[in-house]
Every structure is written in structure tokens, then in C-alpha cells.
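Residue-level structural notes
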Amino acid sequence: MQHIFSNTDSRAKARPSMSISSGPGAPMFEAGPHTRIRRAPLQAIAAVSVADGPREIFGRVLNISPGGCLLQTETTLESGTFVELNITVLGQEDPIRVEVAGVIRRQVTGQSRRQYGVEFLAVDSNDKKSLQWLYAQASS
């Protein structure tokens, strides 16, 4: 997993880590039997590498939380499939790119294209900080 954001500005590499425990970007919880972190809408594209797949596929990331995202693509993916996502956030002066591993957890029907719930597999604290930072950016 890549831990450095791909900005050309050297100041961008020195961005402080953001915590989502309190303050701006903190998760908002939905009431209900299963408390969940609210997903933030995101305008991003993703290059997706599928484990044992012959090629890279492309899709859009529609929303994100620290634990996963909603991926829209024309390609059929099976639940339980391990994927590597190279996410590029759109609408930024300098491109923001984050690489993250995940697993397809469910398929959602929507607007003639397939949508998939992807659970991120954050292996270490740097992975988690990168995902929390990305979520905080999308939430603001």
C-alpha cells in the first residue's frame, strides 16, 4: 500500500495526520441497531487490480468511509474477491492518489452499472491514517 500522497508540492508531503476521533472530519453515527460511520460522497476514479485477474479495470468511487467505499464499474466482480484500488481524487489542483487493498463485500444495483461495497484492508497504522485523511478530505 502506498502511504505518500502523490502531490508535486513538497508542502503536501508534510501534511499532518488527521484523527477522526473528534473535531472536523469526525465520523457521524447513524442511529440504529448497527452503528455505522456515515459515508462521505467523493468524486474519484479508481484503477482496480483484481487478484488473479488478467487486466486492470476502471471505475468511479461514489462514496467513502474509513472502512470502505462504494465502487461503480461495468465489470462483474464476485463477493469475496480481493482487489487493489489506486484511487485518484478529482477536483483538486494537485492530484491526490491513495493505494489501498480491499475485498468485495456486496453488490448494489444502481443506474445500469454495477456498484460494489469494498471493505478496506488497512494493514498498519500508516494505512489507517491515509484512509482517515482521505475520509476527512471527503467530509469537508
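Residues numbered from 1 in each chain as written. Predicted model: local features only at pLDDT ≥ 70, side-chain atom pairs only at ≥ 80, totals over all residues. Heavy atoms only, no water.

1. Some remarks on the overall build of the protein chain
A tally of helices and strands in the protein chain yields one helix and six strands. Starting at the N terminus and ending at the C terminus, the protein chain contains elements arranged as β-β-β-β-β-β-α. The buried share among the 140 residues of the protein chain stands at 37%. (Helix = DSSP H or I, 4+ residues; strand = E, 2+ residues; numbered from the N terminus. Buried < 20%, exposed > 50% of the residue type's maximum accessible area, 1.4 Å probe, protein only.)

2. A closer look at the environment of isoleucine 57
Among the secondary structure elements, isoleucine 57 is positioned in strand 2 (residues 56-65). For isoleucine 57, a relative accessible area of 6% corresponds to the buried category. The sequence separation of isoleucine 57 and glutamate 74 amounts to 17 residues, and the corresponding C-alpha distance is 8.9 Å. Beyond its immediate stretch of four places on either side in the chain, isoleucine 57 contacts Ala46, Ala47, Val48, Val50, Thr73, Thr75 and Leu77. (Contact = heavy atoms within 4.5 Å.)

3. Section: the confidence of the model for the protein chain
Caution applies to low-pLDDT regions: their predicted coordinates should not be interpreted in detail. In this model, the protein chain carries an average pLDDT of 75, and 72% of its residues clear a pLDDT of 70 or more. Across residues 1-33, confidence stays below pLDDT 50; counting only partners more than four residues off in sequence or on other chains, it has 60 contacts. (pLDDT = per-residue confidence, 0-100.)

4. Regarding the pattern of salt bridges
Taken as a whole and assessed by the stated rule, the structure comprises one salt bridge. The shortest N-O distance in the salt bridge between arginine 105 and glutamate 119 comes to 2.5 Å. Separated by 14 residues along the polypeptide, arginine 105 in strand 5 (residues 96-110) and glutamate 119 in strand 6 (residues 113-120) bring together distant segments of the chain. (Salt bridge = Lys/Arg side-chain N within 4 Å of Asp/Glu carboxyl O.)

5. Comments concerning the nonpolar core
Ile64 and Leu85 are the most contacted members of the largest nonpolar core, which has 27 residues in total. Those elements that provide at least two residues to this core are strand 1 (40-50), strand 2, strand 3 (68-73), strand 4 (82-89), strand 5, strand 6 and helix 1 (125-139). (Core = buried A, V, L, I, M, F, W, Y, C linked by side-chain atoms within 4.5 Å.)

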